[in-house]
Amino acid sequence: MTVPSDVAARIRALRKQLNEHNYRYYVLDDPEIPDAEYDRLFRELQALEEKYPAQVTADSPTQRVGAGPLKIFGEVRHAVPMLSLGNAFSAEEVRDFGRRIAEKLGLSEDEIDFTAEPKLDGLAISLLYEAGVLVRAATRGDGITGEDVTQNVRTISCVPLRLRAEAQRPWPRVLEVRGEVYMPKAGFEALNERQRRAGEKPFANPRNAAAGSLRQLDPKITAGRPLAMFCYGIGQVEDGQLPDRHSAILAQLKDWGLRVCPQIRRAQGIAACLDYYRDIGERRSQLAYEIDGVVYKVDRIDQQQALGFVSRAPRWAIAHKFPAQEALTRLLDIDIQVGRTGAITPVARLEPVEVGGVTVTNATLHNQDEIARMDLHRGDTVVVYRAGDVIPKVGGVVLSRRPPDARPFVMPTHCPVCDSDIVRLEGQVIARCSGGLFCPAQRKEAIKHFASRRAMDIEGLGEKLVEQLVDRDLVHDPADLYALSVEQLAALERVAQKSAENLLAALEKSKATTLGRFLFALGIREVGETTAQSLAQHFGDLPSIEAADLDTLQSVPDVGPVVANSIYTFFRQVHNRDVIDKLVSAGIHWPKIAVKKPATLPLAGKVIVLTGTLQGLSRSEAKQRLQALGAKVTGSVSKKTDWVIAGEAAGSKLEKAQGLGIEVLDEAGLLNLLQISPASI
Ligand code: IVH
């Protein structure tokens, strides 16, 4: 297709604008237009390119995820080796470094200019630009040969696919830029949360996450990972000039559109370097990215050249490391904590260990799956690290150091606080204490919920008051509320005689409620207002709900297996039944509910199982209509089942029905059943 010249011009203009906005956003950190406007321009370009595919170029901003997955990464030989850095772990070692340099250069230490830079905790990457276009990206590898990760690096939004033509100086024909690809702390936390939710292994730290994300054979996966890059140097350069100071080279890279860390400073003499170290060290936790130290580099390129290299590292630069953020220690025990909503969290008790300057004795282990994934045993030697400089985490086990008597962790079946069953609903990661009303760990929340407006609506019983009542041991469960006296209430902070009297009156008033509200007030997991209402309507009285088995519960509209399980477990806890009895004895009452007598309905007493796909109506619709006719629709086939309705592709339930000799109906048979109107009987 021939392309109208105005279209070609528009495409060029859009690309130029998008590149410039990208530059302002990522490099200058000074966006000019809202994200939505950027997206609009982007979509316009995408639409034009879709219409005129011949116009697509590899460096178009739309082409970040290009080819499909690779089989393996290619090998790249670095034209200029990628070196590493010597390390200093104390101010003294940094001063030694300064003295060595000063001596070699025949200068005094304070005459030497340095740049001081954060030492980014990611992985070193080389970007090769030819004629201003990104043609290759490679990992450091062993410094001589690395891996070709071009298609993955192209997905990192802040890496320009083309250098800026608007720059002050033209770029060299061949320009290799080096820097660190890393994962910002926030992105790392979000990614790990995502991994956990998907039941996948979280990454131990942002560096592993960055490396793991870049080493994906499928660039689509990399594109979904929050990676970023800061450039800190150059490699191969052909046909072009660069400034004669490192700091000026970085400024030049920035002008060409490459992202440079904004925390880089010039420092005159070693004392200024050490000031920088202290300053960044103090601000470390506020930085958006992880660093493991700082790097000092001699700023003048001619001085760098005079200093040269020792083995694999330059003499003109050194990494001044922060104290380790990772340490090994022993896992003494795993305790169980119960949260305010009943969530059960295993916590590692550790032999005290210094990590990044703080003593760590505990670390959360999140949940049972996390423990299983790491295969933690009591007595294991574990890696402890502090990510984002705050919360200590257990990163993994050193299996080779597992003592023979190490014991695997077994999740308790009962709440360590109240001894109620611990339940973990299907498909959920978090296990919970089913103690609800009774569990001291959940007491405050349970009582606040009980008193809330849409539950028992106890006017004047606010959050602060509940906290005082529980803290002073006046209230253990909601029933205790109804035993409070004016004297007890008036003795609380900020409660006058009058408000104590009002509260007592409100408590009295709340006793006249409805069964739906009462059920909701009990705070049964998964039972919101609507479900509570349906339960009340369906069963009509409390004893029937308490006695209902899983199948019966599931015959209530909107109650699936998860909710049924939660209700069932709740009423199986002796403490919960005790609290309910106490509440009823205290005088809580509700009007009788007239339940339509199932016997008057045509399908009353019939137990039906639906399986397979129905064509004419959805399964939940079929269920509702059958229930409306009085049938009990259950999830599993048993001897009690009267009919199995089998749609398309029915599987094991159909087989079971046939095995048990239960009558099987097809969709037509179902419709027949549904046509029976109450009047026809
Ligand atoms: S310069 C010849 N600058 O540290 C100098 N490296 O141990 C080469 N790194 O592989 C590196 N931040 O991955 C330099 N501001 C920085 C850095 C930095 C992190 C990493 C880089 C390199 C390793 C050297």
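In the block above lies the structure referred to throughout.
Bear in mind that the values here come from a model prediction, so they are computed numbers and not experimental data. Note that residues are indexed from 1 along each chain, following the sequence as it is written. Restriction of local features to residues with pLDDT of at least 70 applies here, the model being predicted, together with a cutoff of 80 or more for giving and counting side-chain atom pairs; totals for whole chains, interfaces and linings are based on all residues. Remark: hydrogens and water are excluded; side-chain values derive from all non-hydrogen atoms of the structure.

Draft legend 1. Up close: the nonpolar core. Among buried residues, those of type Ala, Val, Leu, Ile, Met, Phe, Trp, Tyr and Cys that are joined through side-chain atoms within 4.5 Å constitute a nonpolar core. For the exposure calls, accessible area comes from a 1.4 Å probe over protein chains only, and a residue counts as buried if that area is under 20% of its type's maximum, exposed if over 50%, partly exposed in between. Judged by nonpolar contacts, the single largest core of 68 residues is most densely connected at Phe114, Ile125, Leu127, Val153, Leu253 and Tyr296. Take this core: its biggest share by element is six residues, from helix α9 (residues 269-283). Contacts between residues were defined by any pair of non-hydrogen atoms, one from each residue, lying within 4.5 Å. Setting aside residues up to four positions removed in sequence, leucine 253 forms contacts with Leu175, Val177, Cys231, Gly233, Ile234, Leu258 and Val260. In terms of nonpolar packing, the next biggest core, distinct from the first, is built from 52 residues, Leu489, Leu522, Ala548 and Ile580 among them. A run of H or I in DSSP becomes a helix once it reaches four residues, and a run of E becomes a strand once it reaches two; helices and strands are each numbered from the N terminus.

Draft legend 2. Structural detail: helix α18 (residues 529-539). Looking only at α18, the buried set comprises Thr531, Ala532, Ser534, Leu535, Ala536 and Phe539. Elements in contact with the buried residues of α18: α17 (515-521), α19 (542-547), α20 (550-554) and α21 (561-572).

Draft legend 3. Spotlight on the site of the ligand. Among the 14 residues in the neighbourhood of the ligand, the closest are listed as Glu117, Leu120, Glu180, Tyr232 and Lys297. Polar contacts, as used here, are pairs of N or O atoms within 3.5 Å; protein pairs need one atom able to donate a hydrogen and one able to accept it. Residues neighboring in sequence count only if both atoms are side-chain atoms. In this structure, glutamate 180 approaches the ligand through a side-chain N or O atom, which is 2.5 Å from an oxygen atom. With respect to the ligand, the side chain of tyrosine 232 contributes an N or O atom lying 3.4 Å from an oxygen atom. Looking at the shell around the ligand, the elements that each hand over two or more residues are β3 (113-120) and β10 (291-298). Of the residues forming the shell around the ligand, the biggest block, four residues, is contributed by β3. Only heavy atoms are used to decide nearness, and a residue is near a molecule or strand if one of them lies within 4 Å of it.

Draft legend 4. View of the packing of helix α12 (residues 443-451) against helix α13 (residues 463-471). Every angle, taken between N-to-C directions, lies between 0 and 180 degrees, and every axis is a line fitted to C-alpha atoms, over only the stretch in contact when it is a helix. Relative to each other, α12 and α13 sit at 135°, their axes nearing to 10 Å. Comparing their axes, α13 and α12 come out oblique. Judged by the sense of rotation from one axis to the other, the crossing of α12 with α13 is right-handed. For the pair formed by α12 and α13, the contact residues are Arg443, Lys444, Ile447 and Lys448 on the first element and Glu463, Val466, Glu467, Val470 and Asp471 on the second. Side-chain classes are defined by residue name, with Ala, Val, Leu, Ile, Met, Phe, Trp, Tyr, Cys and Pro counting as nonpolar, Asp, Glu, Lys and Arg as charged, and the others, Gly among them, as polar. A class-by-class count of the residues in the contact of α12 with α13 yields three nonpolar, no polar and six charged. Angles are sorted into four bins: roughly parallel if under 35 degrees, roughly antiparallel if over 145, roughly perpendicular if 65 to 115, and oblique for all others. Working rule for handedness: look at the near helix, and if it is turned counterclockwise from the far one by less than a right angle, call the crossing left-handed; if clockwise, right-handed.

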